Amino acid sequence: MSERTLLEVEDLHLHYQTRRGVVRAVDGVSFDVRHNEALVVLGESGCGKSSLAKALMRVLPRNVHQVSGRVTLGGTELMSMSDERFRRDVQWVRVSLVMQASMNALNPVVRVGEQVVEPLRVLLGWPRARAMARAAEVFERVGVSTDFLQRYPLELSGGMRQRVVLAMALVTEPELVILDEPTSALDVLTQASIMNLLKRLKRELGTSFILITHDVATSSELADRVALMYAGQIVEVANAAQFFDAPAHPYSQLLMASVPRLHQQQRPEAIPGQPPSLLEPPPGCRFAERCPSHFERCAKDPEFFRLDDRRRVRCWLYEGRGEP
Amino acid sequence: MNERPVGTSVEGEGALLSVKDLHTWFELRQWGFLRVGAVRAVDGVNFELERGESVAFVGESGCGKSSLARTLLGLHRPTRGEVRFAGHSLGELNARDLKAYRAKVGYVQQDPFGALPPFLDVRRILAEPLIVHGVKGRSERERRIRKVLDEVRLSPAEEYLGKFPHMLSGGQQQRVVIARALILEPAMIVADEPVSMLDASVRVEILNLLRHIQTQRELTLAFITHDLSSVRHYAERIFVMYAGRVVETAGVEELLDHPQHPYTQALLAAIADPDAANATKQREIPGGEPPSLLHPPTGCRFHPRCPHAMAGLCDVDEPPDFEPRRNHYSACWLHR
Ligand SMILES: Nc1ncnc2c1ncn2[C@@H]1O[C@H](COP(=O)(O)OP(=O)(O)OP(=O)(O)O)[C@@H](O)[C@H]1O
Ligand SMILES: Nc1ncnc2c1ncn2[C@@H]1O[C@H](COP(=O)(O)OP(=O)(O)OP(=O)(O)O)[C@@H](O)[C@H]1O
Ligand code: SF4
Ligand SMILES: [Mg+2]
Ligand SMILES: [Mg+2]
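Parameters at a glance
- Residues numbered from 1 in each chain as written.
- Chains lettered and ligands numbered in written order.
- Predicted model: local features only at pLDDT ≥ 70, side-chain atom pairs only at ≥ 80, totals over all residues.
- Heavy atoms only, no water.
- Near = heavy atom within 4 Å.
- Polar contact = N/O pair within 3.5 Å; in protein donor to acceptor, adjacent residues only side chain to side chain.
- Areas by Shrake-Rupley, 256 points an atom, 1.4 Å probe, with all protein chains shown as cover.
- Helix = DSSP H or I, 4+ residues; strand = E, 2+ residues; numbered from the N terminus.
- Nonpolar A, V, L, I, M, F, W, Y, C, P; charged D, E, K, R; others polar.
- Salt bridge = Lys/Arg side-chain N within 4 Å of Asp/Glu carboxyl O.
- Buried < 20%, exposed > 50% of the residue type's maximum accessible area, 1.4 Å probe, protein only.
- Axes fitted to C-alpha atoms, helices over the stretch in contact; angles between N-to-C directions.
- Parallel < 35°, antiparallel > 145°, perpendicular 65-115°, else oblique.
- Left-handed = near helix turned anticlockwise from the far one by under 90°.
- Contact = heavy atoms within 4.5 Å.
- UniProt positions renumbered as here; feature names shortened; annotations may be inferred.
- Patch = residues over 30% accessible without salt bridge, like charges linked within 9 Å, V, L, I, M, F, W, Y side chains within 5 Å.
- Donors = N, O, S within 2.8 Å, 3.2 Å for Na, K, Ca; no water.
- Pairing = 2+ DSSP bridges.
- Buried area = accessible area lost by both parts, 1.4 Å probe.

Engineer: Whenever I open this one, the site of ligand 1 confuses me. Can you help?
Structural biologist: Residue and element names in this part refer to chain A. By nearness alone, 17 residues border ligand 1, and S45, G46, S50, S51 and N63 come closest of all. Within the contact set of ligand 1, an oxygen atom lies 3.3 Å away from a backbone nitrogen or oxygen of C47. Here an oxygen atom of ligand 1 and a side-chain polar atom of K49 are 2.8 Å apart. Here ligand 1 loses 69% of its free accessible area of 640 Å² to cover by the protein chains. Mapped by element, the contributors of at least two residues to the shell around ligand 1 are strand 1 (5-18), strand 2 (21-34) and helix 1 (49-57). Looking at the shell around ligand 1 residue by residue, the classes come out as 6 nonpolar, 8 polar and 3 charged.

Engineer: What should I look at first to understand the pattern of salt bridges in this one?
Structural biologist: Pairing between side chains of opposite charge can happen when the charged atoms of each approach one another. Scanning the entire structure with this criterion turns up 42 salt bridges over all chains. Ionic pairing is found between R283 of chain B and E221 of chain A, a salt bridge with its closest N-O pair at 2.7 Å. Remark: E221 of chain A occurs in the loop between helix 7 (216-219) and strand 9 (225-230) and R283 of chain B occurs in the loop between helix 11 (262-270) and strand 11 (322-325); the pair is interchain, linking two chains. Residue R283 of chain B shares its accessibility class with E221 of chain A, and that shared class is buried. Of the charged contacts, one joins E82 of chain B and R84 of chain B as a salt bridge, the two residues approaching to 3.1 Å between their closest N and O atoms. Judged by relative accessible area, E82 of chain B falls into the partly exposed class, the value being 23%. Under the relative-accessibility criterion, R84 of chain B is labelled partly exposed at 27%.

Engineer: When you look at the packing of helix 3 (residues 112-124) of chain A against helix 4 (residues 128-141) of chain A in this model, what are you seeing that I'm missing?
Structural biologist: Helix packing for two helices is described by the angle between their axes and how far apart those axes are. Residues and elements named next belong to chain A. Packing of helix 3 against helix 4 leaves a shortest axis separation of 9 Å and a crossing angle of 115 degrees. Between helix 3 and helix 4, the crossing angle belongs to the class labelled roughly perpendicular. Where helix 3 crosses over helix 4, the two elements pack in a sense that is right-handed. Across from V112, G113, E114, V116, V117, L120 and R121 in helix 3, the residues of helix 4 making contact are R128, A131, M132, R134, A135 and F139.

Engineer: I tried to follow the UniProt feature "domain: ABC transporter" (unreviewed entry) in chain A on my own but got confused; where do I start?
Structural biologist: According to UniProt, the "domain: ABC transporter" (unreviewed entry) feature falls on residues 7-256 of chain A. Secondary structure content for residues 7-256 of chain A is 36% helix and 28% strand, and the end C-alpha separation is 27 Å.

Engineer: What exactly am I supposed to notice about a nonpolar patch on the surface here?
Structural biologist: Judged by side-chain polarity, V122, L123 and L124 of chain A come together as a nonpolar surface patch covering roughly 240 Å² of accessible area. For L123 of chain A, a relative accessible area of 31% puts it in the partly exposed group.

Engineer: Just to check I follow, could you spell out the coordination of the magnesium ion (ligand 4) for this structure?
Structural biologist: Put simply, the ideal angle at a metal is 109.5 degrees for four donors in tetrahedral geometry and 90 or 180 degrees for six donors in octahedral geometry. Residues and elements named next belong to chain A. Listed as protein donors to the magnesium ion (ligand 4) are S50 (OG) and Q100 (OE1); their distances from the metal cover 2.0 to 2.2 Å. One end of the pair, S50, is in helix 1; the other, Q100, is in the loop between strand 6 (95-98) and helix 3, and 50 residues separate them in sequence. You can call Q100 partly exposed: its relative accessible area is 43%.

Engineer: What is the right way to read the sheet that holds strand 12 (residues 328-330) of chain B from this model?
Structural biologist: Strand-to-strand pairing in sheets goes through backbone hydrogen bonds, with the strands running parallel or antiparallel. Residues and elements named next belong to chain B. If you walk across this open sheet you meet the 8 strands as 6-7-8-3-9-10-12-11, and the pairing is mixed. Either end of the sheet is taken by a strand with one partner, and the two such strands are strand 6 (105-108) and strand 11. Within the sheet, the average angular offset between the axes of one strand and its neighbour, ignoring direction, is 20 degrees. Inspection of the sheet shows strand 10 (residues 245-251) paired to strand 12 by 2 bridges, in the antiparallel sense. For T249, the partnering residue across the bridge sits in strand 12 and is Y329. Across the sheet, helix 2 (residues 95-104) lies against strand 6 and strand 7 (188-192), angled at about 60 degrees from strand 6, the strand it touches most.

Engineer: I'm lost on unusual backbone geometry in this one. Help?
Structural biologist: Residues S155 of chain B and P156 of chain B are joined by a peptide bond in cis, for which omega reads 5 degrees. With respect to the secondary-structure elements, P156 of chain B resides in the loop between helix 5 (138-151) and helix 6 (158-161). Of note, the phi angle at A101 of chain A is positive, near 65 degrees, even though the residue is not glycine. Looking at the element boundaries, A101 of chain A is found in the loop between strand 6 and helix 3. A relative accessible area of 48% places A101 of chain A in the partly exposed class. Even without a glycine there, the phi angle at E173 of chain A is positive, about 50 degrees. Turning to its location among the elements, E173 of chain A is positioned in the loop between helix 5 (158-170) and strand 7 (176-180).

Engineer: It is not clear to me how the site of ligand 3 should be interpreted in this structure. Could you clarify?
Structural biologist: The environment of ligand 3 is made up of 13 residues, and the closest members are C300, C306, C314, C332 and W333 of chain B. Taken together, the residues that form the shell around ligand 3 break down as 10 nonpolar, 3 polar and no charged.

Engineer: What should I look at first to understand the sheet that holds strand 3 (residues 38-42) of chain A in this one?
Structural biologist: Residue and element names in this part refer to chain A. With mixed pairing, the 8 strands of this open sheet are ordered in space as 6-7-8-3-9-10-12-11. Every other strand in the sheet has two partners, leaving strand 6 and strand 11 (304-308) as the edge strands with one partner each. Within the sheet, the average angular offset between the axes of one strand and its neighbour, ignoring direction, is 20 degrees. Pairing of strand 11 with strand 12 (residues 311-314) involves 4 bridges; the strand directions are antiparallel. Paired with F304 across the two strands is R314, which belongs to strand 12.

Engineer: I would appreciate a short explanation of the interface of chain A and chain B in the present structure.
Structural biologist: Size of an interface, as often reported, equals the accessible area lost when the parts are brought together. Taken together, the contact pairs 39 residues of chain A with 43 residues of chain B. In this assembly, chain A packs against chain B so that about 3,500 Å² is buried in total across both faces, 52% of it on carbon and sulfur atoms. For the chain A face of the interface with chain B, the top three residues by lost area are L189, L262 and R267 of chain A, together amounting to 22%. Summed over the shared surface of chain A and chain B, the number is 1 salt bridge. Counting the contacts that link chain A with chain B gives 14 residue pairs in polar contact (both at pLDDT 80 or more). Looking at the side of chain A that touches chain B, the elements with two or more residues in it are helix 6 (188-205), helix 7 and helix 8 (240-245) of chain A. The element best represented in the side of chain A that touches chain B is helix 6 of chain A, accounting for 8 residues. Broken down by class, the residue content of the side of chain A that touches chain B amounts to 17 nonpolar, 12 polar and 10 charged.

In structure tokens, the structure reads:
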């Protein structure tokens, strides 16, 4: 582990119990995030992105079947930490989460200012005046007029509400902010201005980010690194330039070829087939059924080969080209 | 059906669909009766679509795309102006002709998950329009259902005929929606954001399929989207909408390579092809939000957000369509 590492995740699992069986939403995920780095977790619907965020933040539904793995944040091991301590020292304090669609989950009858100071007052016990002053600071940072502290959520546009939930996540000055699809419900122009804001915040505050998205173009708006998920697992993690210019995993390659580009004559290509069910994922490589380069070896679970210091690929084609 | 009622003959000269001065306003009432005003969802739109042409309507949420689509389909009655199909004004069709018209124009609606009745299987979903439009023979219906399933590549048909929507993936559901839109052999398809709810890789599959069928059948396709990055491959012309109006229109390549209207320029500047360099670039984005359609801004509707707005002109007079380049129209005073 480099001293620049903030978060290290190893072999993380989150399985849900359902009537039809166990859903392996996060199934052996490993990655790390450095200080002031943005890692984008990219993947199609249902591949386990939100579950990954929930496991890291310990906001879990009741039907959890299993959570396991090792997670360290700045050297502190989190998985063995008691709930009580996790809530006091980590959740919303050192790591915060902007949940998917949370801009629509603001309490409609409470002024947004009051909602934004909640983590400070409840978790850190700040007096109201001090918390409000801090909220005003954060509002300015995220480009919302401080007059809006007194407004109700419904008086704000979607873009403004998204800035407010971002302010709420930043108010405790966490080291790591996890953003789950922060722009997917917004218009093109609003989306772009939120991405502008995130770039600025990253530069100004030195915070680390995990940005979750299903949109490849959006992912490139913030990513220092990209982790691509498929059926509960990370199939490739790489520096942004490596990932966008020379993806290694066959799924990464097909995904990049399926992205429509504004100024490209070549028509995007579909990826035939669909991801396997997470109920009883097939043995072996989960992408094998759709993979144009699959061979006998793929019937066995591929290891997560390390191609270089920062790049890992879960594919047998890279056996011998890197250590597992 | 031997005799062809008016409005259903698609042969002939001139545009297949022509839209003139079209307005679709929704009365807004408080407590159900107090008139607050009108939402001007479509507010003065003109265009013509040729036979066999694929066009895209692009614009942000709430700019009136779906309202326009529904007006073209005869589901909303225009507040003013008219829609003519194969020379006949929709406003003048009687109930029977309107029904015949709906058979000639297929509709792929915005939300595939809400589009299919959950309690019917695929066979029944596809049989329904045939029954409604008088295809009596069961074997004839079965033949046409199998043919269209094959066309949307849900084959072998046996595997899908008995399935209910919840047993299908999002992409497969959307294929069924498309099959349903095609089964009466329409001359035109209106597809309202046919892929916005689907995953990236499935999107491409569905768009490629639609494009393929459109060229094979020589259909007219009006395709609504908010995603400019994919239109190049799926349409020949683009209409850019802002606040109930078409602000710019041209051929796809021409429009994407030489955008003229400041709004189109802003839209194009806001989206990017994936590239690691994006992460450090601040994009030029006009501030503000799309305007209220209840009280749209005077003059040019984009003027409150426009970096080039000229005081005394843009905020006062509505810009007409200029033709700054050949066959390329833009409603902006910069071209005067
Ligand atoms: N509480 C739960 N109980 C059972 N299964 C669940 C639960 N939450 C999620 N799942 C399932 O786990 C899988 C992963 O879901 P998750 O929400 O993490 O995906 P996602 O990648 O965030 O998808 P999206 O892009 O649609 O938000 C899916 O198959 C989902 O149906
Ligand atoms: N039946 C209706 N009654 C009242 N208002 C309506 C009705 N249908 C649409 N509107 C309003 O008309 C405006 C345009 O809506 P429309 O659905 O046409 O936009 P859109 O461009 O399709 O948006 P989106 O991209 O979100 O689908 C919106 O302000 C909407 O609230
Ligand atoms: S007419 Fe004026 S305000 Fe409207 S887009 Fe053109 S320059 Fe901008
Ligand atoms: Mg999710
Ligand atoms: Mg719509």
